[in-house]
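Descriptive structure summary
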Amino acid sequence: MMQSKKKIPAPIPLFCYAVAILLWLVTSIYHLGADMLAKQTGKLYEQQLTVDSFELVNMHKQEDGTYLTENDDPQMIWYNTEGIAVRTLRMTASFDRSPREMCLYYTTKEGEDFGVNKRVFASQQDDGSYVYTLPQGTITALRLDPCSPLENKPVTMTIEQFVLNQPAGVLSYFAPGWAGAFHLVVYPGLCAAALSLMRQAVLYYKRKK
């Protein structure tokens, strides 16, 4: 009788990347469904904000309507008093010098302090505006750092508008972005390396017995 061929297990890297892609697809579909439900229930909608909607820290309005930074840490804080769903913030503004780092901090609980573990960075659009994309979940407050001036180099900002939750296409939910693509490439590879080392250790232990 012919011996049956031994089944060769799928390579560990292939398995890890397949799991990562599956989880990414499932998560993307979940986020799309959650936002569709939020729109149907009236919790997710587009909203225009003005500078007056924010609490200004280390910056002030000038007579000509522009805003001047007072030190190297200007902040604009917005509190989500209506409890709406917040997914994106688009800022249209211009600067008289390079704004350098621009980031948006967020909190997920009332009274929570802002921290570097909860922040996103701006993506500049073709029209010159800046879009911040926030993670799924409850957002209780936002702290926009519109620029990061050099010491003793104040920045003058001309702020045109802010838009919360500007409509996005379905495909945007399946675009991982640079950070997501980095995670999809690096973390499954690290997981595969760890599993390969574990398998080698187990095989070595078995041979020693």
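Let me begin by describing the structure that accompanies this report. (Residues numbered from 1 in each chain as written. Predicted model: local features only at pLDDT ≥ 70, side-chain atom pairs only at ≥ 80, totals over all residues. Heavy atoms only, no water.)

Turning to the pairing of strand β10 (residues 130–133), a few remarks are in order. Here strand β6 (residues 88–95) pairs with β10 via 4 bridges, running antiparallel. Paired with Arg-90 across the two strands is Val-131, which belongs to β10. Bridge analysis of strand β9 (residues 123–124) against β10 gives 2 bridges, and the strand direction is antiparallel. If you follow Gln-124 over to β10, its bridge partner there is Tyr-130. (Pairing = 2+ DSSP bridges. Helix = DSSP H or I, 4+ residues; strand = E, 2+ residues; numbered from the N terminus.)

There is a patch of nonpolar side chains on the surface, built from Phe-15, Val-19, Leu-23, Leu-195 and Met-198 and spanning about 460 Å² of accessible area. Contributing elements (two or more residues each) for the nonpolar patch: α1 (12–40) and α2 (177–208). If one sorts the elements of the nonpolar patch by residue count, α1 sits on top with 3 residues. The topology assignment puts Leu-23 in helix α1. (Patch = residues over 30% accessible without salt bridge, like charges linked within 9 Å, V, L, I, M, F, W, Y side chains within 5 Å. Areas by Shrake-Rupley, 256 points an atom, 1.4 Å probe, with all protein chains shown as cover. Salt bridge = Lys/Arg side-chain N within 4 Å of Asp/Glu carboxyl O.)

Okay, the packing of α1 against α2 next. Running from N to C, α1 and α2 point in directions that differ by 140 degrees, and their axes come no closer than 8 Å. Between α1 and α2, the crossing angle belongs to the class labelled oblique. The two elements α1 and α2 cross, and the hand of that crossing is right-handed. Between α1 and α2, the contacting residues are Ile-12, Pro-13, Cys-16, Tyr-17, Ala-20 and Trp-24 on the first element and Leu-184, Val-185, Pro-188, Gly-189, Cys-191, Ala-192, Leu-195, Ser-196 and Arg-199 on the second. The residue inventory of the contact of α1 with α2, partitioned by class, reads 12 nonpolar, 2 polar and 1 charged. (Axes fitted to C-alpha atoms, helices over the stretch in contact; angles between N-to-C directions. Parallel < 35°, antiparallel > 145°, perpendicular 65-115°, else oblique. Left-handed = near helix turned anticlockwise from the far one by under 90°. Contact = heavy atoms within 4.5 Å. Nonpolar A, V, L, I, M, F, W, Y, C, P; charged D, E, K, R; others polar.)

Nothing here speaks to function; it is all geometry.
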